[in-house]
Amino acid sequence: MLSNTLKASDIKKMFLAGASNLNAKKEWINELNVFPVPDGDTGTNMTMTIMSAAKDVKALPDDVDMGTLSKNIYSGAMRGARGNSGVILSQLLRGFTKGIRDYEELDAAIIADSFDKAVETAYKAVMKPKEGTILTVAKGVAERAMELSKEGAEELAPYFEEVIKYGDEVLAKTPEMLPVLKQAGVVDSGGQGLMQVLKGAVDAFLGKEVDYTVDEAAATPVASRAKAEAEVDIKFGYCTEFIVLLNKPLNVKQEIDFKAFLESIGDSIVMVADDEICKVHVHSNDPGLAIQRALMYGQLSNMKIDNMRMEHREKLFHEQQNGVYAEIETEINGAAESTPTYSAGDDIPLKESATGAAKEEEPKFVNSEHKEIGFVAVCAGDGLAEIFRGLGVDYVIEGGQTMNPSTEDIFEAAEKVDADTVFVLPNNKNIILAANQAKILMEDKGENKEIIVIPTKTVPQGITAAINFMPGVSAKENEEGMVEAITTVKTGEVTYAVRDTMIDNVTIKQGDYMGIGDSGILGVGGDIAEVTEMIVDKIADDTTELISLYYGSDIKQEEADALCESITSKFPNCDVEVQYGGQPIYYYIVSAE
């Protein structure tokens, strides 16, 4: 017979089951995102957030008390929070654990009250809450739980089942609250993620078979775990092989484009396709790029990724008879002494430039001396990192659309900057909430250092903010000046669609190039340069003084220069500049000021 109260040991099992269920469904949840862009988004961010807490919770004894359990759930989720959906999930957990932490056992009334606290806490964390999102679903769950409690509900099994049922009903209504969801034909992905957590937890309570395994890899992005290996003579470090189960046969143009893309990111290319499958082999420094492009054409099978540098390094070791590993003489005298290691939050050495010439490792800090004001910026791409460092940014966190840094990543970066005040430039609307939580962490720690978040939603806004910093002026005045300056920047980005959809009454087909602006779709087409010019036509006007193009890792300099000339001919009264950004996924980032 099921109990009508929950102990801390029950909550521990339910939390781990909820986290596991979300992890199992994360790719499905990613597919619910409105914009069909090739990046990890809601499902990934929420999973990494909750898994950060699950690692801590898994290590707790089964007889843990409610206070200790609550602290580990909230602190782990807050430190690991990534993206808006992850931050909101961490705040829901924060509010819920506030409600339960002082009890030894929980009944329906306490649970309902804790759901209510969860929603209240999450809404306060979002400056402009929007209905039709994860917040709406959470509110619906809390309201139904409170209704049942006031009606005298005591048996937890039917109580939970009714709450889940109503949560699904609210989730199904989210497309009616947000027209963009209705047009794309999806429910809110964050709300779906929340429901998967709750369903996993309830399954554990009901005694259903649940996998409590904590996937620690899901809590940490590859870049945070990266180790810099000795380069030796290996130009491209990862041997990547997979089979694409094609949605439909590749046409001649698709085959040419796919092979050209593989050649742009690596060497040793083997690509053979028939009507049903495409076999791919490539050596590259970023296997994820090959995988993301392949997903445009179908599902993946028989995936195999080998770290060739690691294999080379292992050959330089031998095992002594006593089982201790020792480096052979050539390793001691050579590569081992020059091979750095990295912790979460550290800058990762930059990859090669677009021209293929090896770049020297950039310093983590522009200036290691103590100063009044310092800067942390988030961006993806070695060219963009160089630009920010050239503008005086002290620490660049590798991240962006394809890899949202966690609250802890941002907090640790700010800690390493030797300054009284650290301005953080998130440069992505999906990172701003995590940056704000880093500010809270710094305040909670009681250090004599302040984090100020400039709400930059794009890289060009971040660059403008850094340019408008005035040395010798107070932090407050600089904050006001930078916030005002970024309002003059209009931005567009060019990427490709990973599925068919419709947004803003624009039909988008899988493989189309898309121009995405500050408020939606700016252009769709089959040519990158043409779509980029569509963006410029939309964001530039008679008052525009400067148009900037930052070209990504998939674009050659001569292509970018030709595009620059074309735009200059259309806007002769504007300064048009082109710079190497090196960003993945986004062919061009465009700004007009």
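Residues numbered from 1 in each chain as written. Predicted model: local features only at pLDDT ≥ 70, side-chain atom pairs only at ≥ 80, totals over all residues. Heavy atoms only, no water.

**A look at the overall build of the protein**
Inclusion rule: Runs of E in the DSSP output that reach at least two residues are strands. Runs of H or I that reach at least four are helices, and both are numbered from the N terminus. Working definition: with a 1.4 Å probe on protein chains only, accessible area under 20% of the residue-type maximum means buried, over 50% means exposed, and in between means partly exposed. Two residues form a contact once any of their heavy atoms are found within 4.5 Å. Methods summary: accessible areas were calculated by the Shrake-Rupley approach with a probe of 1.4 Å, and residue burial reflects only the protein chains presented.
Along its length, the protein carries 22 helices and 20 strands. Going through the 593 residues of the protein one by one, you find that 53% of them count as buried. Counting only contacts in the protein whose residues sit at least 6 apart along the sequence, the fraction spanning at least 24 positions is 72%. Carbon and sulfur atoms form 50% of the exposed surface of the protein, whose accessible area is close to 27000 Å².

**What about the confidence of the model for the protein?**
Close reading of the predicted structure is inappropriate where its pLDDT is low. Condition: Predictor confidence is given residue by residue as pLDDT, running from a minimum of 0 to a maximum of 100.
Across the protein, the average pLDDT comes to 81, with 82% of residues at or above 70. Per-element mean pLDDT across the protein ranges from 28 in helix H15 (residues 335–338) up to 96 in strand E1 (residues 6–7). Contacts of residues 222–233 to residues separated by more than four positions or lying in other chains number 23 contacts, the stretch itself having pLDDT below 50. Below pLDDT 50 for its whole length, residues 312–364 participates in 86 contacts with residues either more than four positions away or in separate chains.

**Notes on a negative patch on the surface**
Note the threshold: By definition, no residue in a patch forms a salt bridge, and every one has over 30% relative accessible area; like charges are joined within 9 Å, nonpolar side chains (Val, Leu, Ile, Met, Phe, Trp, Tyr) within 5 Å. Definition used for salt bridges: Asp or Glu carboxyl oxygen within 4 Å of a side-chain nitrogen of Lys or Arg. When charges are tallied, Lys and Arg are placed among the positive residues and Asp and Glu among the negative ones, while His and the ends of the chain are skipped. A charge is said to be at NZ when it belongs to Lys, at CZ for Arg, at CG for Asp and at CD for Glu.
On the surface, Asp63, Asp65, Glu104 and Glu105 cluster together into a patch of negative charge. Within the fold, aspartate 63 resides in the loop between helix H2 (42–58) and helix H3 (66–80).

**Quick notes on the pattern of salt bridges**
One pass over the full model with this rule turns up 17 salt bridges. Measuring nitrogen to oxygen at the nearest pair gives 3.5 Å for the salt bridge that ties lysine 490 to aspartate 541. Residue lysine 490 is found in strand E13 (residues 490–496), and its partner aspartate 541 is found in the loop between helix H21 (528–539) and strand E18 (546–551); the two are separated by 51 residues along the sequence. Lysine 490 gets classed as partly exposed once you look at its relative accessible area, which sits at 37%. We note a salt bridge from aspartate 537 to lysine 570, for which the minimum N-O separation is 3.8 Å. Note that aspartate 537 is positioned in helix H21 and lysine 570 in helix H22 (residues 557–570), a separation of 33 residues in sequence. Among the residues examined, lysine 570 registers a relative accessible area of 44% and is labelled partly exposed. One salt-bridge network, held together by shared partners, links Asp56, Arg79 and Glu408.

**Topic: helix H19 (residues 459–467)**
Counted residue by residue, H19 has eight buried out of nine residues, so it is predominantly covered. Here H19 has its buried residues at Val459, Pro460, Gln461, Gly462, Ile463, Thr464, Ala465 and Ala466.

**Some details on empty space enclosed by the protein**
To be explicit about the condition: Method remark: on a 1 Å grid restricted to protein atoms, a set of points is classed as a cavity if a 1.4 Å probe fits but cannot get out and as a pocket if it is open with protein on both sides within 12 Å along at least five of seven lines; lining residues have an atom within 4 Å of a point. Grid points are joined across faces, edges and corners, and a volume is the space filled by probe spheres set on the points. Side-chain classes are defined by residue name, with Ala, Val, Leu, Ile, Met, Phe, Trp, Tyr, Cys and Pro counting as nonpolar, Asp, Glu, Lys and Arg as charged, and the others, Gly among them, as polar.
Inspection of every chain in the model, using the stated rule, returns five cavities of 30 Å³ or more. There is about 510 Å³ of room inside the largest cavity. Taken together, 28 residues make up the lining of the largest cavity; nearest its centre are Leu93, Phe96, Phe115, Val197 and Leu198. Sorting the residues of the lining of the largest cavity by element identifies helix H1 (8–30), helix H4 (83–100), helix H5 (108–125), helix H6 (134–150), helix H7 (156–177) and helix H9 (189–205) as the ones contributing at least two each. Of the residues forming the lining of the largest cavity, the biggest block, six residues, is contributed by H4. When its residues are assigned to classes, the lining of the largest cavity shows 26 nonpolar, two polar and no charged.

**What to know about the packing of aromatic side chains**
Stated precisely, the cut-off is as follows: Side-chain rings of Phe, Tyr and Trp, where Trp is taken by its six-membered ring, are said to pair if the distance between their centres is within 6.5 Å; with planes under 30 degrees apart they count as stacked, over 60 as edge-to-face, and otherwise as tilted.
For the coordinates displayed, the defined rule picks out nine aromatic pairs. Judged by centre distance (5.3 Å) and plane angle (80°), the ring pair of phenylalanine 160 and phenylalanine 205 falls under edge-to-face. Note that phenylalanine 160 is positioned in helix H7 and phenylalanine 205 in helix H9, a separation of 45 residues in sequence. On the accessibility criterion, phenylalanine 160 (6% relative accessible area) is buried. Following the ring pairs from residue to residue traces out a cluster consisting of Tyr159, Phe160 and Phe205.

**Here's the deal with the packing of H7 against H9**
Which entries qualify depends on this criterion: Lines fitted to C-alpha atoms define the axes here, with helix axes fitted over just the stretch in contact, and angles between the N-to-C directions of these axes take values from 0 to 180 degrees. Here roughly perpendicular refers to angles of 65 to 115 degrees, roughly parallel to angles under 35, roughly antiparallel to angles over 145, and oblique to all remaining angles. Here a crossing is taken to be left-handed if its near helix is turned anticlockwise relative to the far helix by less than a right angle, and right-handed if that turn runs clockwise.
The contact between H7 and H9 brings their axes to 10 Å, and the two run at 165°. The orientation of H7 with respect to H9, classified from their angle, is roughly antiparallel. Where H7 crosses over H9, the handedness of that crossing is left-handed. Contacts from Leu156, Ala157, Phe160, Ile164, Gly167, Asp168 and Leu171 in H7 reach Gly191, Gln192, Met195, Leu198, Lys199, Val202 and Phe205 in H9. Looking at the contact of H7 with H9 residue by residue, the classes come out as nine nonpolar, three polar and two charged.

**Observations regarding the sheet that holds strand E10 (residues 395–398)**
The test is simple: Two strands make a pair as long as DSSP finds a minimum of two bridges between them.
Read across the sheet, four strands follow the order E10-E9-E11-E12 without closing on themselves; strand pairing throughout is parallel. With partners counted over all chains shown, the strands left at the sheet margins are E10 and strand E12 (450–453), one partner each. Neighbour-to-neighbour, the strand axes of the sheet open up by a mean angle of 25°, direction not taken into account. Of the pairings in the sheet, the one linking strand E9 (residues 371–379) to strand E11 (residues 419–425) comprises six bridges and is parallel in character. Of the residues in E11, the one forming a bridge with isoleucine 373 is threonine 421. Most of the contacts of helix H20 (residues 475–486) go to E11, to which it runs at about 10°, and overall it touches E9, E11 and E12.

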